[in-house]
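# A look at the structure
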Amino acid sequence: MNQVTHKARILIAKPGLDGHDRGAKYVAHILRDAGFEVIYTGIRRSPEQIVAAAVQEDVAAIGLSVLSGAHIELFGRVLELLKGRGASDIAVFGGGTIPPADVPRLEAMGVAAVFTPGSSAASIIEKLDKITAVGA
Amino acid sequence: MQDARREGPTATRAAGRLMSLLDNQPQRLSELLAVAPDEADTPEPDMVLGITGPPGAGKSTLTNRLVAEFRKRYPDERIGVIAVDPSSPFTGGAVLGDRVRMMDHALDDGVFIRSLASRGHLGGLALGVRGVLRVMSVIGCKRVLIETVGVGQSEVEVARVADLVAIVFAPGMGDSVQLLKAGLMEAGDLFVVNKADRDGADALYHQILSTLSLRPVQAHTPHGGVSLLDQCQAHGGEPGHDEPGAQKTEVSAYHLMQPDVLLVSALESHGIEKLADALEYRAATFGQTWRSQRRQRIHDDIRDAILEEARDRLSTTLGTNGTVSEHVRHILAGGETVQSVAAKLIRRAADRQEPIT
């Protein structure tokens, strides 16, 4: 049997109405290069769609790219929906144009990590290795 | 397992988790999936369709349309999609992007989509496919579509897992010689020329028709789409003649009847109904045959597992020293061949129950 251990599955999604998916694709790319299995769902997804996909795919974590300013609402909704489906163990992280001042609030809500613009690839990988190791 | 079969919000969660377990530890299949004491109580899908073809031919878009069509026809029956994308041979990582085209169904509880990374498995599938397929069967998916990685010429493993295989082509991907090559073309029960909205689709469609007409004609079951047999001499009569037993005729390794060739545009949703009709016709005609075929395949899988296990065990006992150098001399001298030496050593090991050296 193939004994290679595979890194976690992570779903990357881009909620909201704008089509700027560069950040989401960039993160998908660096995660792939770090050995993660990334399920990319594309742009303009609702929290409901994202959570439904994450549950079917049984990912270890969901990464949201939010550029609309609605991060508090969107993250809150995703966390709430996960709870409703008995899937609170799926970690939620994210990035985008999120003011540093909002980060503590997101973390208090249960968001595992927030990567603001300028976060290095290495720091993202390091953090996600930690986050996904817990659930594995 | 019982959780996955229940209704409600946590059932999907349980099914998803189960698939992960099986993807990561396929040897636990039996322990995790023991659901019913009797074979007859274990639900089975009516149709397991493999969808394969070169990268960019439109497999995901077509899959998405087919799911919509079947949901329309059977609103009360669940459908499963297994979408395989390649893992990086360098890092082991993967980007699984098939879902991008299928998000229309994300909120439909009747559609269960699971993406898998090939994890170095060749042949166009992933090792975990069988486990996921099993879970989908158990949770009541009546139809399961398996979308392979984009394949080249000979990755046709899907033909060993699915009941029937649709090969998706798009115009602009090579001339008619490609269609003559062995492998992919032989594995198709249906040939779908996608992107009919583009130039060259018609030409490709006719190329495929003419390539296929080179094949000897064995079965006679004309119906929707295009039947090559309409132009051929009819023998054997009605479709009913091709029910179980038809596979004993000379219809190549995989095929129960002549392939269909269909021109569709998944993008514009043209031709999807005809394709679904063709699939349903086959399910109605060969449903029983498929069921026995699935059982036969389990035999094959057991055989493969034994060979794999034997190989693993042998490779640990296979020495690198001992009498080998003497054999090398014999082989070089021409008195033996690699094969004859191997046969001799295996026989000796089997007789004496000793390691091969």
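Structure: see above.
Residues take numbers from 1 onward in each chain, read along the sequence in its written order. All chains are assigned letters beginning with A, and all ligands numbers beginning with 1, in the order in which they are written. Given that this is a predicted model, residues contribute local features only at a pLDDT of at least 70 and side-chain atom pairs are listed and counted only at 80 or more, while totals for whole chains, interfaces and linings are drawn from all residues. In computing side-chain values, all of the structure's heavy atoms are included and hydrogens and water are not.

## Observations concerning the overall build of chain A
In this text, helices come from DSSP runs of H or I with a minimum length of four residues, and strands from runs of E with a minimum of two, each type numbered from the N-terminal end. Per the secondary structure count, chain A includes 5 helices and 5 strands. Listing the helices and strands of chain A from first to last along the sequence gives β-α-β-α-β-α-β-α-β-α. Whether a residue is buried, partly exposed or exposed follows from its accessible area with a 1.4 Å probe, protein chains only, as a fraction of its type maximum: under 20%, in between, or over 50%, in that order. The proportion of buried residues among the 136 residues of chain A is 54%. Working definition of accessibility: Shrake-Rupley area with a 1.4 Å probe, residue cover restricted to the visible protein chains. Summed over all atoms, the accessible surface of chain A reaches about 6,000 Å², with 57% contributed by carbon and sulfur.

## Some remarks on the interface of chain B and chain A
Note on contacts: a residue pair qualifies if any of its non-hydrogen atoms lie within 4.5 Å across the two residues. Contacts between the two partners involve 33 residues from chain B, matched on the other side by 30 residues from chain A. Both faces considered, chain B and chain A share a buried interface measuring about 2,700 Å² in area, 49% of it formed by carbon and sulfur atoms. In this description, buried area is defined as the sum, over both parts, of the accessible area (probe of 1.4 Å) that is lost when the two are combined. If you sort the residues of chain B by the area they bury against chain A, R13, M103 and R119 of chain B come out on top, with a joint share of 25%. A side-chain nitrogen of Lys or Arg and a carboxyl oxygen of Asp or Glu constitute a salt bridge if their distance falls within 4 Å. If you look at where chain B meets chain A, you find 6 salt bridges. Across the salt bridge formed by D58 of chain A and R13 of chain B, the nearest N and O atoms sit 3.1 Å from each other. Here a polar contact means two N or O atoms within 3.5 Å. Within protein one must be a hydrogen donor candidate and the other an acceptor candidate, and residues neighboring in sequence count only if both atoms are side-chain atoms. Along the contact surface separating chain B from chain A lie 21 residue pairs in polar contact (both at pLDDT 80 or more). Listed by contribution, the elements that provide at least two residues to the side of chain B that touches chain A are α2 (9–24), β3 (94–96) and β4 (111–117) of chain B.

## Side note on the sheet that holds strand β6 (residues 164–169) of chain B
Residue and element names in this part refer to chain B. Reading across the sheet, the 7 strands line up as β4-β2-β5-β1-β6-β7-β8 and stay open at both edges, with parallel pairing between neighbours. The sheet terminates laterally at β4 and β8 (260–263), the two strands that pair on one side only. Strand-to-strand, the axes of this sheet are offset by a mean angle of 20 degrees, without reference to chain direction. When strand β2 (residues 78–85) meets strand β5 (residues 141–147), the two strands line up parallel, connected through 6 bridges. Residue pairing across strands places V81 opposite L145, the latter belonging to β5. The strands touched by helix α7 (residues 201–212) within the sheet are β6, β7 (190–193) and β8, with β8 carrying the most contacts at an inclination of about 175 degrees. A strand pair is defined by DSSP finding two or more bridges across the two strands. Inter-axis angles, ranging from 0 to 180 degrees, are taken between N-to-C directions of lines fitted to C-alpha atoms, where helices are fitted over the stretch in contact.

## Details of the pairing of strand β2 (residues 37–45) of chain A
With respect to burial, β2 of chain A is a largely interior element, 7 of its 9 residues being buried. Strand direction decides the pairing type here: strand β1 (residues 9–15) of chain A and β2 of chain A, joined by 6 bridges, are parallel. Residue pairing in the sheet places L11 of chain A in a bridge with I39 of chain A of β2 of chain A. Whether a crossover is right-handed comes down to one check: with the strands pointing away from the viewer, does the path from the first strand over the helix to the second run clockwise; if it does, it is right-handed. Following the chain from β1 of chain A across helix α1 (residues 22–33) of chain A to the adjacent parallel β2 of chain A, one finds a crossover that is right-handed. In the sheet, β2 of chain A pairs with β3 of chain B via 3 bridges, with the strands oriented parallel. Note on β3 of chain B: the bridge partner recorded for I39 of chain A is L96 of chain B.

## Description of the packing of helix α2 (residues 47–57) of chain A against helix α3 (residues 71–84) of chain A
A pair of packed helices is characterised by two quantities: the angle between their axes and the separation of those axes. Residue and element names in this part refer to chain A. In contact at an axis separation of 9 Å, α2 and α3 are set at 40 degrees when each is read in the N-to-C sense. Regarding the angle of α2 to α3, the classification is oblique. Regarding α2 and α3, the two cross each other, and that crossing is right-handed. Counted together, P47, E48 and V51 of α2 and L74, R77, V78, L81 and L82 of α3 form the full contact between these two elements. Across the contact of α2 with α3, the residue classes tally to 6 nonpolar, no polar and 2 charged. Here the word oblique covers every angle except those under 35 degrees (roughly parallel), over 145 (roughly antiparallel) and from 65 to 115 (roughly perpendicular). Should the near helix be turned anticlockwise from the far one by less than a right angle, the crossing is termed left-handed; should it be turned clockwise, right-handed. Residue type decides the class: Asp, Glu, Lys and Arg count as charged, Ala, Val, Leu, Ile, Met, Phe, Trp, Tyr, Cys and Pro as nonpolar, and the leftover types, Gly among them, as polar.

## Some points on the packing of aromatic side chains
All names here are of chain A. For this analysis, a ring pair means two rings from Phe, Tyr or Trp (six-membered ring only for Trp) whose centres lie within 6.5 Å, classed as stacked if their planes differ by under 30 degrees, edge-to-face if by over 60, and tilted for the remaining angles. Under the defined criterion, the tally for this structure stands at 2 aromatic pairs over all chains. Geometrically, the ring pair formed by F93 and F115 is edge-to-face, given 6.1 Å between the ring centres and 75 degrees between the ring planes. Placement of the pair is F93 in strand β4 (residues 91–96) and F115 in strand β5 (residues 113–115), with a sequence separation of 22 residues. The same class applies to F93 and to F115, which are both buried.

## A few points about the pattern of salt bridges
All names here are of chain B. What the rule picks out here adds up to 27 salt bridges over all chains. In this structure, the salt-bridge partner of R291 is E44, at a minimum N-O distance of 3.6 Å. Linking R291 in helix α8 (residues 272–317) with E44 in the loop between α3 (29–33) and β1 (47–52), this pair joins segments that are 247 residues apart in sequence. Taking relative accessible area as the criterion, R291 reaches 31% and is therefore assigned partly exposed.

## Concerning the side chain of R294 of chain B
Note that R294 of chain B resides in helix α8. Reaching out from R294 of chain B, the side chain makes a polar contact with the side chain of E44 of chain B at a distance of 2.8 Å.

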